[in-house]
Amino acid sequence: GLLIAGERTGENGDECFGQICTENRGVMRFEIALYGARSHTGVHRKPMDMSTRLIDARSRVSEILSRHLTQDSSDGWNSQISYPYIQVGSPGIFNISADHGVIGIEVRPIPQDDIAGLVAELQDCCSAQSLELEILVQEAGIICDPDNPYLLALSRAVRDVSGEPPALGRKLPGTSARFAPRGQGVVWGQSGIAPHGAVERHYIQSIEPYYRVLTHYSQILSGRSS
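Just so it is clear, the model here is predicted, and its values are computed rather than measured.

It is worth spelling out the side chain of Arg25 at this point. With respect to the element layout, Arg25 can be found in the loop between β2 (20-24) and β3 (27-35). Although Arg25 is buried, it makes no salt bridge; Glu106 carries the closest opposite charge, 7.7 Å away. In terms of polar contacts, Arg25 uses its side chain to reach the backbone carbonyl oxygen of Leu172, at 2.5 Å.

Okay, structure coming up:
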């Protein structure tokens, strides 16, 4: 009925009760590749400049992504685009043209954005430009039904233990909640700072309250709590 991903949702580092994130971004990763034939750069016939072609492809892809993805909203709930790598040629080799080049692109889409339409336009663009598109990961974001009974029970458990209404939020990183059946997943966890960073730390005082909420939640689900 509900998948709870127990990842960190208190990121100020001092919260005893993390947010219940009912909306989660997805993850899309793909590569755009270009292939050619190696040749001597000093011959009369000029070899294909793969660097220029790939940079042009990046520009075209950027335009497509801008049309399909929310990147500037007043509340900061946006899709994210990054270009982690572009590889073409070999350092130190000047007289042989490259025969292969690739761009890596990562998108973290909010659930409100149309990923299917984005993929269709990318495929058309790459086909027209003799580029190869390989989609490695394509997982849309999710929104949990606010009336999901298991979510309502979790909210009640947090309220009963903390004495305050639970804080609801949205999770920017792509989390395992996106694998929830029918999108019925949330992220709810403990607190800390700098996830994946050099000074990442866990807020120890958030562990015991989290355990108490889990215990109370199980009692609610089993009917042992009125």
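Along its 14 residues, helix α2 (residues 115-128) runs 20 Å from first to last C-alpha, staying within 8% of the 20 Å computed at 1.5 Å per residue. Ile115, Leu118, Val119, Leu122, Cys125 and Cys126 are the residues of α2 that are buried. Each buried residue of α2 sits inside an arc of 130 degrees when the element is viewed along its axis, so together they form one side. α2 presents Ala116, Asp124, Ser127 and Ala128 as exposed residues on the side facing more than 90 degrees away from its buried surface. One side-chain oxygen of the residue at the start of α2 lies 3.3 Å from the amide nitrogen of Ala116, identifying that residue as Asp114. Positive backbone phi, at 55 degrees, marks Ser130, one or two positions downstream of α2.

Taken in spatial order, the four strands line up as β4-β5-β3-β6 in an open sheet, and their pairing is antiparallel. At either end of the open sheet lies a strand with only one pairing partner, and these are β4 (80-88) and β6 (132-139). Averaged over all pairs of adjacent strands, the angle between strand axes in this sheet comes to 10 degrees, irrespective of strand direction. Note that β4 and strand β5 (residues 100-108) share seven bridges and pair antiparallel.

Further remarks concern the environment of Ala120. Within the element layout of this structure, Ala120 appears in helix α2. Counting along the chain gives 14 residues from Ala120 to Glu106, while the straight-line C-alpha distance between them is 17 Å.

Here the focus is the pairing of β2. Within β2, five of the five residues are buried, which leaves the element mostly enclosed by the surrounding structure. Inspection of the sheet shows β2 paired to strand β8 (residues 168-171) by four bridges, in the parallel sense. Among the inter-strand pairings, Asn24 is bridged to a residue of β8, identified as Lys171. Note that β2 and strand β9 (residues 185-188) share two bridges and pair antiparallel. Across the sheet, Cys21 pairs through a bridge with Val187, a residue of β9.

To continue, consider the nonpolar core. Residues Met28, Phe30, Ile105 and Leu118 are the most contacted members of the largest nonpolar core, which totals 21 residues. Breaking this core down by element, the ones donating at least two residues are β3, α1 (50-68), β5 and α2. Other than its neighbours up to four places away in sequence, Ile105 contacts Met28, Arg29, Phe30, Ile32, Val61, Leu65, Ser82, Tyr83 and Pro84. Core analysis: the second largest hydrophobic core is formed by 15 residues, Leu2, Ala157, Trp188 and Tyr217 among them.

Parameters at a glance
Residues numbered from 1 in each chain as written. Predicted model: local features only at pLDDT ≥ 70, side-chain atom pairs only at ≥ 80, totals over all residues. Heavy atoms only, no water. Helix = DSSP H or I, 4+ residues; strand = E, 2+ residues; numbered from the N terminus. Buried < 20%, exposed > 50% of the residue type's maximum accessible area, 1.4 Å probe, protein only. Lys, Arg positive; Asp, Glu negative; His and termini not counted. Salt bridge = Lys/Arg side-chain N within 4 Å of Asp/Glu carboxyl O. Polar contact = N/O pair within 3.5 Å; in protein donor to acceptor, adjacent residues only side chain to side chain. Expected span 1.5 Å × (residues − 1). Arc of directions from axis to C-beta. Pairing = 2+ DSSP bridges. Axes fitted to C-alpha atoms, helices over the stretch in contact; angles between N-to-C directions. Core = buried A, V, L, I, M, F, W, Y, C linked by side-chain atoms within 4.5 Å. Contact = heavy atoms within 4.5 Å.

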